[in-house]
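Architecture and fold: a report
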Amino acid sequence: MTRIVYLNGSWLPETEAKVSIFDRGFTMADAIYEVTCVLDGMLIDYGPHAARLKRSAAALGIPVPLSDEELLDAHRQIVAMNKLDQGMIYLQLTRGEQDRDFAYPPEDTPPTLVMFTQAKNALKNPAAEKGIKIATVPDLRWGRRDIKTVQLLYPSMAKMEAKARGCDDAWLVEDGVVTEASSATAHIITGGKLITRELSHALLPGVTRAGVLELAGRHGLEIEERAFTVAEARAADEAFITSATNFVLPVVSIDGATIGTGRPGPVARDLRQLYIDTRRAAAI
Ligand code: PDD
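These numbers come from a predicted model, not from an experiment. Residue indices begin from 1 for each chain and proceed along its sequence in written order. Local features in this predicted model are restricted to residues of pLDDT 70 or higher, and side-chain atom pairs are both shown and tallied only at a pLDDT of 80 or more, whereas totals for entire chains, interfaces and linings draw on every residue. As a convention, hydrogens and water are excluded, and side-chain values are obtained from all of the structure's heavy atoms.

1. Details of the site of the ligand
Nearness is defined per residue: one heavy atom within 4 Å of the molecule or strand is enough. Taken together, 18 residues sit near the ligand, with Tyr33, Arg52, Glu180, Val207 and Thr208 positioned nearest. Between the ligand and Glu180 there is a distance of 2.6 Å, counted from a nitrogen atom to a side-chain nitrogen or oxygen. Within 3.5 Å is the distance limit for a polar contact, defined as a pair of N or O atoms, with the added protein rule that one can donate a hydrogen and the other accept it, and that residues adjacent in sequence qualify only through two side-chain atoms. Contacts to the ligand include Ala244, whose backbone N or O atom sits 2.9 Å from an oxygen atom. Per-residue and other accessible areas follow the Shrake-Rupley method at a 1.4 Å probe size, with only the shown protein chains counted as cover for residues. Relative to its free-state accessible area of 480 Å², the ligand is covered by the protein chains to the extent of 88%. Here a strand is any run of E in DSSP of at least two residues, a helix any run of H or I of at least four, and the numbering for each starts at the N terminus. The set of elements that each furnish at least two residues to the shell around the ligand consists of strand S3 (31–39), helix H2 (46–60), helix H6 (207–218) and strand S13 (238–243).

2. Side note on unusual backbone geometry
Phi at Asp175 is positive, roughly 55°, even though this residue is not glycine. Backbone geometry at Asp255 places phi at a positive 50°, although glycine is not the residue there. For Asp255, the location among the structural elements is in the loop between strand S14 (247–254) and strand S15 (257–258).

3. Details of the packing of aromatic side chains
Only rings of Phe, Tyr and Trp enter the pairing, Trp through its six-membered ring, and a pair is recorded when the two centres are within 6.5 Å. The plane angle decides the type: under 30 degrees is stacked, over 60 is edge-to-face, the rest tilted. Summed over all chains, the structure comprises 5 aromatic pairs. Taking 6.1 Å as the distance between ring centres and 40° as the angle between the ring planes, the aromatic pair formed by Phe247 and Tyr275 counts as tilted. With Phe247 in strand S14 and Tyr275 in helix H8 (residues 266–281), the pair connects residues that are 28 residues apart, well separated along the chain. On the accessibility criterion, Tyr275 (2% relative accessible area) is buried. Per-residue accessibility, obtained with a 1.4 Å probe over protein chains only, is compared with the maximum for each type, and a residue is labelled buried under 20%, exposed over 50%, and partly exposed between these values.

4. Some points on the domain arrangement of the protein chain
Accessible area lost upon the coming together of the parts is a frequently used measure of interface size. Domains are outlined according to an automatic or database domain assignment. Taken domain by domain, the protein chain consists of domain 1 (4–119) and domain 2 (126–282). Placing the centre of domain 1 and that of domain 2 at their C-alpha centroids yields a distance of 26 Å. By definition in these notes, contact holds between two residues if any of their heavy atoms fall within 4.5 Å. With 22 residues of domain 1 in contact, the opposing surface of domain 2 contributes 17 residues. Once two parts are joined, some of their accessible surface, as seen by a 1.4 Å probe, is lost; buried area is that loss totalled over both. Buried surface at the junction of domain 1 and domain 2, both sides included, amounts to about 1800 Å², of which 64% is carbon and sulfur. Looking only at domain 1, the three residues that lose the most surface to domain 2 are Tyr33, Asp45 and Arg52, adding up to 32% of its buried area.

5. Here's the deal with a nonpolar patch on the surface
Every patch collects residues that have over 30% relative accessible area and no salt bridge, joining them within 9 Å if they carry like charges and within 5 Å if they are nonpolar side chains (Val, Leu, Ile, Met, Phe, Trp, Tyr). For this document, the term salt bridge refers to a Lys or Arg side-chain nitrogen within 4 Å of an Asp or Glu carboxyl oxygen. A cluster of nonpolar side chains, namely Ile21, Phe22 and Phe26, defines an oily patch on the protein surface of about 360 Å² accessible area. With respect to the helices and strands, Ile21 occurs in the loop between strand S2 (10–13) and helix H1 (24–28). The exposure class of Ile21 is exposed, given its relative accessible area of 58%.

6. Topic: the nonpolar core
Counting residues in each nonpolar core, the largest one holds 22 residues, and the members touching the most others are Ile32, Leu71, Val79, Ile89 and Met115. For this core, the secondary structure elements donating two or more residues are S3, H2, helix H3 (68–81), strand S5 (87–94) and strand S6 (112–119). When residues of this core are assigned to their parent elements, the largest contribution, 5 residues, is made by H2. Excluding residues that lie within four positions of it along the chain, Ile89 makes contacts with Glu34, Val35, Thr36, Val38, Leu43, His75, Ile78, Val79, Met115, Phe116 and Thr117. Ranked by size, the runner-up nonpolar core spans 21 residues in total, among them Ile132, Ala184, Ala186 and Ala236. Think of a nonpolar core as a cluster: buried Ala, Val, Leu, Ile, Met, Phe, Trp, Tyr and Cys residues, connected wherever their side-chain atoms sit within 4.5 Å.

7. With respect to the pattern of salt bridges
The full count for this structure, using the stated rule, is 22 salt bridges. Taking the shortest distance from any N to any O, the salt bridge between Glu34 and Arg52 comes out at 2.8 Å. Of the two residues, Glu34 sits in strand S3 while Arg52 sits in helix H2, which places them 18 residues apart along the sequence. Residues Glu34 and Arg52 agree in their burial class; the two are buried. For the salt bridge of Glu214 with Arg279, the shortest nitrogen-to-oxygen distance reads 3.7 Å. Here Glu214, found in helix H6, pairs with Arg279, found in helix H8; they are 65 residues apart in sequence, far enough to count as distant. Classification of Arg279 as buried rests on a relative accessible area of 13%. In this structure, a network of salt bridges that share partners links the residues Asp139, Arg141, Arg145, Glu174 and Glu180.

This is how it looks when you write it as structure tokens:
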């Protein structure tokens with residue numbers, strides 16, 4: 001199926017949407033992105049994703065070319081045009097075109113805004129039933145991981161290393177503590193407490209993380225926002241990751257150490273269902 005995609009105010013068949021070879025997104029990875037989940041043809045947690053897009057753009061001084069209303073309308077239109085029932089909307093915003101130069105182009109340079117959809121059966125995910133295996137790798141990314149940039153080469157390398165080690169995903173480790181997963185937030189449960197790293201420049205402020213913490217707190221789970229070591233994670237009762245289209249995915253082993261019973265833990269399972277049910281009910 002040929003998708004209809006969005007490029008700088010135009011709706012085009014995917015084969016006709018072209019971005020310049022001079023775009024700084026291409027030459028400098030000078031670009032940010034968002035991934036918003038779609039369930040039942042509706043947007044999940046749209047407000048916080050739009051807010052984070054604006055935060056990332058402001059942090060790098062890239063103008064967002066659409067008003068809040070236009071941005072929401074574009075999200076709704078792309079779902080409708082592609083008859084997307086379940087999956088994601090990918091949005092990328094770059095600083096625009098310029099002859100290659102490390103210095104930014106003039107402030108009035110038009111940014112490039114691209115959106116496309118990708119279908120995915122997010123609700124019926126076999127990994128949620130089986131749980132995922134984690135391999136830890138050093139975190140060699142830059143120091144502003146709170147900005148959602150497209151500099152994704154190292155996370156891709158980390159994921160490939162995890163796969164080469166027979167695992168599903170990587171947890172990135174710096175100074176002995178876990179920062180996050182290759183493309184998700186990392187959490188553990190020990191002694192009835194949910195432990196997740198506090199927000200800082202070291203990790204992305206996950207939208208799903210915020211939702212899950214709010215639900216966990218409301219359901220009486222104690223929350224400790226602090227960094228945890230790999231040793232602590234290996235000895236945890238449960239572990240899981242959170243991200244937009246994976247919601248909550250239980251972790252069943254870390255570097256070969258079995259977590260809990262080696263099956264998805266009860267708290268992670270409950271949080272997954274609670275997150276899906278509440279977000280589906282509040283989708284727009
Ligand atoms: N990744 N940490 C990193 C490094 C991420 O790339 C992501 C999301 C998250 C979770 O954020 P959220 O809950 O807001 O999706 C944490 C997206 C989904 C991706 O790159 O595909």
